[in-house]
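# Reading the structure
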2 protein chains.
Amino acid sequence: MSEASGVSEMTVSRVLRNKGDVSEATRERVREAAKALGYVPNKIAGALASSRVNLVAVVIPSFKNLVFPEVLSGISEALEDSELQPVVGLTDYLPEKEEKVLFEMLSWRPSGVIVAGLEHSEASRAMLARADCPVVEIMDTDGEPIDNCVGISHRRAGRIMGESIVEAGYRRVGFIGTKMPLDYRARKRFEGFTRALAKAGLEIADSEFYSGGSALAKGRELTQAMLSRTPDLDFIYYSNDMIGAGGLIHLLDQGIDVPGQVGLAGFNGVDLIDGLPQRLATMDACRRQIGERAARLVLARQEDPSAEAVKEELTPTLSTGETLLRT
Amino acid sequence: MSEASGVSEMTVSRVLRNKGDVSEATRERVREAAKALGYVPNKIAGALASSRVNLVAVVIPSFKNLVFPEVLSGISEALEDSELQPVVGLTDYLPEKEEKVLFEMLSWRPSGVIVAGLEHSEASRAMLARADCPVVEIMDTDGEPIDNCVGISHRRAGRIMGESIVEAGYRRVGFIGTKMPLDYRARKRFEGFTRALAKAGLEIADSEFYSGGSALAKGRELTQAMLSRTPDLDFIYYSNDMIGAGGLIHLLDQGIDVPGQVGLAGFNGVDLIDGLPQRLATMDACRRQIGERAARLVLARQEDPSAEAVKEELTPTLSTGETLLRT
DNA sequence: CTGAAAGCGCTAACAG
DNA sequence: CTGTTAGCGCTTTCAG
């Protein structure tokens, strides 16, 4: 590359990074040579020399849950006109895998780490605390962050939903959700939810926890099973919109009046549910916004390394849709 | 690190990589020191020194299309017990962005590149051709691959669906799909489809192309619009299962007999549709399998750098579900 | 505006 | 089994 353009390696480097003053003439010569050779600079060497890596590690459980693609797209958008680029690692909700992925990613010395959740293994927390880059824990604010934190309080989200259901006059409430050990945030919502009911002197009348399979199909199946087991239910709360949609489809299929006879609510506000015969009551998890804010926090710390850690709790909005009676 | 354990840097390196013989005693000492210090080796330096990077670049259009998360999970699974790790880059179906992402990723000298589609800009093709690592173009086999290729023939997939519809006796066929310029594969399916109809002396009776919005809602909307515009349609082919599901919901809502009065078919076989009141006719795109095979091709080339380029066309299976009359 | 020297943190290759 | 010596391909820093 240096020979092909007849200038020093250093000058080539300057041209390709638009750094430092270089005459327009040599500039042109270098660019031509680069194009002719199909030259792709070696970022590994560059990163080693400059100790700057324009990568942001994003560590999330899975892509199956529609939530995360949206968070990611928020992140991508916010980083769009910066130098930084997101790199994703998947944990499958497994702490050991999270540990492995974090180790792997940190060994590339990224400019920032965005990681889902506040619950990590001891080792993971240690790595994150030691990493000399900004760390942002996202999705959840119910706990002690290592550095920055952006999310919603899932406990509060569950509580608000519980309160709305009670206020709307429902009394025999069932719950259908994913198996909890896998998903702390779903569990926190469940806790907030039961607590809200308890305050009104109610208990969960029936509940069901599933794992695996098509969420929509599971929703139908489990709803059917639950209603035949506990026929006097007047409301079902689902841990996400997909199973909720399945439940809705089942009830409509059976000619059951929603929300008069049985009310329904999900969680997330995925735009999928826009197309259903009735709009499911749900609560927005602020996914996109969380991604954006998290990315901005990384950028902020880059500009000012002394910037303080921020904990930002967003407010999820409840939409009653057409499956939860209004009060 | 070297000081803390009292051995040479080299020995540390050997222990941490399980390379070369080291006595169990020093091994232990090094590991302890590493843990105590929270030492995370610098892969940048390692990669530069060894010119080995255990990363596989995966370049796909988007995560919104459910297809890609599944492909990715196939890739992850196949790489699970190798050294390699997938790193994803997004193009948003934009050639310029693909170019940028490829450049960026290639500059990290990955061990392999897996990229969606066979259509790339001149510059992208040149980069890929020059990259000194295995390249696998996935999803599509209708075209000339640069190196390896795994996918299905979308033209053929469209043709088979067209033939099945004709054989089932449908004559007034509509099409609803995404705007084509964005998606070559959808276009190829459309081409194959119209060709199959043409062979039977038929033409598309009506068609509609959308972009953006909730696929399910769009499906309902556009299906309604199309049927009121062209009431004698007896079949609608959708470019994906999500809009197809929206159409199905609309028709059932209207009390229209499916598949007697109007037949429906989608494309992809996403397991979402398992939960619908009727199983939508669809065609499996072999997403997971494509991911797996692609990853294996990268691994194969790693083991034997002289391995020849492979072009692998998988066979999508048609499932008539319950929305396409059987013959 | 351009170049030369030094070194980023590791590993290959060779010696003991 | 362990240590030493050279770089990997860039960028930083300092001289022109």
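Scroll up to find the structure this text is about.
Residues numbered from 1 in each chain as written. Chains lettered and ligands numbered in written order. Predicted model: local features only at pLDDT ≥ 70, side-chain atom pairs only at ≥ 80, totals over all residues. Heavy atoms only, no water.

Per the secondary structure count, chain A includes 12 helices and 12 strands. A globule of 327 residues ought to have a C-alpha radius of gyration of about 20 Å, yet chain A, at 25 Å, is considerably larger. If one aligns the C-alpha atoms of chain A with their principal axes, the spans along those axes are about 85 × 40 × 35 Å. Counting the 327 residues in chain A, one finds 56% classified as buried. Within chain A, residue pairs in contact and separated by at least 24 positions form 67% of the contacts whose partners lie at least 6 positions apart. Of the roughly 14200 Å² that chain A leaves accessible, carbon and sulfur atoms contribute 48%. Charge centroids of chain A, computed over 38 positive and 47 negative side chains, lie 2 Å from each other. (Helix = DSSP H or I, 4+ residues; strand = E, 2+ residues; numbered from the N terminus. Rg over C-alpha atoms; globule rule 2.2 N^0.38 Å. Buried < 20%, exposed > 50% of the residue type's maximum accessible area, 1.4 Å probe, protein only. Contact = heavy atoms within 4.5 Å. Areas by Shrake-Rupley, 256 points an atom, 1.4 Å probe, with all protein chains shown as cover. Lys, Arg positive; Asp, Glu negative; His and termini not counted. Charge placed at Lys NZ, Arg CZ, Asp CG, Glu CD.)

Once that is clear, we can look at the side chain of Ser 5 of chain B. All names here are of chain B. Within the secondary structure layout, Ser 5 lies in helix H1 (residues 2–5). Within the structure, the side chain of Ser 5 is placed 3.3 Å from the backbone oxygen of Ser 2, a separation counted as a polar contact. Contact partners of Ser 5, with chain neighbours within four places excluded, come to Val 12, Arg 29, Val 30 and Ala 33. (Polar contact = N/O pair within 3.5 Å; in protein donor to acceptor, adjacent residues only side chain to side chain.)

A few words now on the side chain of Thr 26 of chain B. Residue and element names in this part refer to chain B. Along the chain, Thr 26 turns up in helix H3 (residues 24–37). Its relative accessible area of 16% is what places Thr 26 among the buried residues. Within the structure, Thr 26 has its side chain in polar contact with the side chain of Ser 23 (distance 2.8 Å).

A few words now on the sheet that holds strand S7 (residues 206–210) of chain A. Residue and element names in this part refer to chain A. With parallel pairing, the four strands of this open sheet are ordered in space as S7-S6-S8-S9. Two strands bound the open sheet, and with one partner strand each, they are S7 and strand S9 (263–265). Averaged over all pairs of adjacent strands, the angle between strand axes in this sheet comes to 15°, irrespective of strand direction. (Pairing = 2+ DSSP bridges. Axes fitted to C-alpha atoms, helices over the stretch in contact; angles between N-to-C directions.)

Moving on, we come to the sheet that holds strand S4 (residues 135–140) of chain B. All names here are of chain B. Read across the open sheet, the six strands follow the order S2-S1-S3-S4-S5-S11; overall the sheet is parallel. Both outer strands of the open sheet, strand S2 (85–90) and strand S11 (311–313), are each paired with one neighbouring strand and no more. This sheet shows a mean twist of 15° between the axes of neighbouring strands, independent of strand direction. Packed on one face of the sheet, helix H5 (residues 67–79) meets strand S1 (55–60), S2, strand S3 (112–116) and S4 and runs near 160° to S2.

Spatial relationships are all this shows, so hold off on functional conclusions.
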